[in-house]
Amino acid sequence: MNEYSIGLACGIIFGVLFLVIWFAFRKAKGIDPMEKFDERQIADRYKAYKSGFFALLIFVAADALLKMFGVSLFEEPVGECIAVFIAVGVFACRAVMSDAYFAPGKSMRNFILLYGVICFAQLVNTVRSFTDHELIHDGRLTIHCISPLCLILFLVIMIAVLIRARQLKYEEEE
Amino acid sequence: MKNLKLKSARAAKDYSQQQLADLVGVSRQTINAIEKGDYNPTIRLCLAICRALDRTLDELFWEDEA
């Protein structure tokens, strides 16, 4: 077992533990663990899922086409990670802009604070990646790019939320 | 097509969009979308809105023929 595998296993265990504690806390407080979206939000979320799926398909097709011509831009797991990031990012941004990301009554402010903390943690990893590791090797993105790409994903989603929050603040009701 | 009947019925009850949304159990943006004509609600939501505003379906959601 190498350093990377140990780190990955620790991350997964920590993530699972965090989720278990989080849901147990919410259940003890009587907070419904399932968010309830209204019918319009459910319809818009389906559209967002579709957009994310097609974004994923386009990326996979483009990557396959490049590989046919002998051009490989990513090491093995990096391409798959980028595909997932693109799908998640497209879904999240579309859902945020159509007001289908947050269930009624959910606070955008708490989300922005949480994402700010996550972005900071990813920023630390990103700086380490830049200083300690090689991001590009033989013209291909290496696995050490995952942290910077993750940071970009979280930043894009957070920016979408901030833009939408600002639009809603100035939206005229009448 | 904008739903002006809904908007005026809501104003007659002195409800904001958020207040009506809370009564009906949807987001404020959903009520806004219905009033702007950007979203067609299901019959279930239409009935919930009618109950909250003490109006009938015809009064709020019937489209007059041109």
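In case you missed it, the structure is sitting above this.
Nothing here was measured: the structure is a model prediction, and the numbers come from that model.

Draft legend 1. A look at the overall build of chain A. A tally of helices and strands in chain A yields 5 helices and 2 strands. Ordered by position in the sequence, the α and β elements of chain A form the string α-α-α-α-β-β-α. Within chain A, buried positions represent 31% of all 174 residues. Considering only contacts within chain A whose residues lie at least 6 apart along the sequence, 76% involve residues at least 24 apart. When the accessible surface of chain A is summed, it comes to about 11700 Å², and 71% of that surface belongs to carbon and sulfur atoms. Measuring between centres, the 17 positive side-chain charges of chain A sit 7 Å from its 18 negative side-chain charges.

Draft legend 2. Seen up close, the interface of chain B and chain A. On the side of chain A, 10 residues touch chain B, which itself brings 16 residues to the contact. In total, chain B and chain A occlude about 1100 Å² of area from one another, counting both sides; carbon and sulfur atoms represent 44% of this. The tally of links between chain B and chain A comes to 0 salt bridges. The tally of links from chain B across to chain A stands at 5 residue pairs in polar contact (both at pLDDT 80 or more). Only helix H1 (4-12) and helix H3 (28-36) of chain B provide two or more residues apiece to the side of chain B that touches chain A. If you tally residues by element for the side of chain B that touches chain A, the top one is H3(B), at 5 residues.

Definitions and limits used
- Residues numbered from 1 in each chain as written.
- Chains lettered and ligands numbered in written order.
- Predicted model: local features only at pLDDT ≥ 70, side-chain atom pairs only at ≥ 80, totals over all residues.
- Heavy atoms only, no water.
- Helix = DSSP H or I, 4+ residues; strand = E, 2+ residues; numbered from the N terminus.
- Buried < 20%, exposed > 50% of the residue type's maximum accessible area, 1.4 Å probe, protein only.
- Contact = heavy atoms within 4.5 Å.
- Areas by Shrake-Rupley, 256 points an atom, 1.4 Å probe, with all protein chains shown as cover.
- Lys, Arg positive; Asp, Glu negative; His and termini not counted.
- Charge placed at Lys NZ, Arg CZ, Asp CG, Glu CD.
- Buried area = accessible area lost by both parts, 1.4 Å probe.
- Salt bridge = Lys/Arg side-chain N within 4 Å of Asp/Glu carboxyl O.
- Polar contact = N/O pair within 3.5 Å; in protein donor to acceptor, adjacent residues only side chain to side chain.

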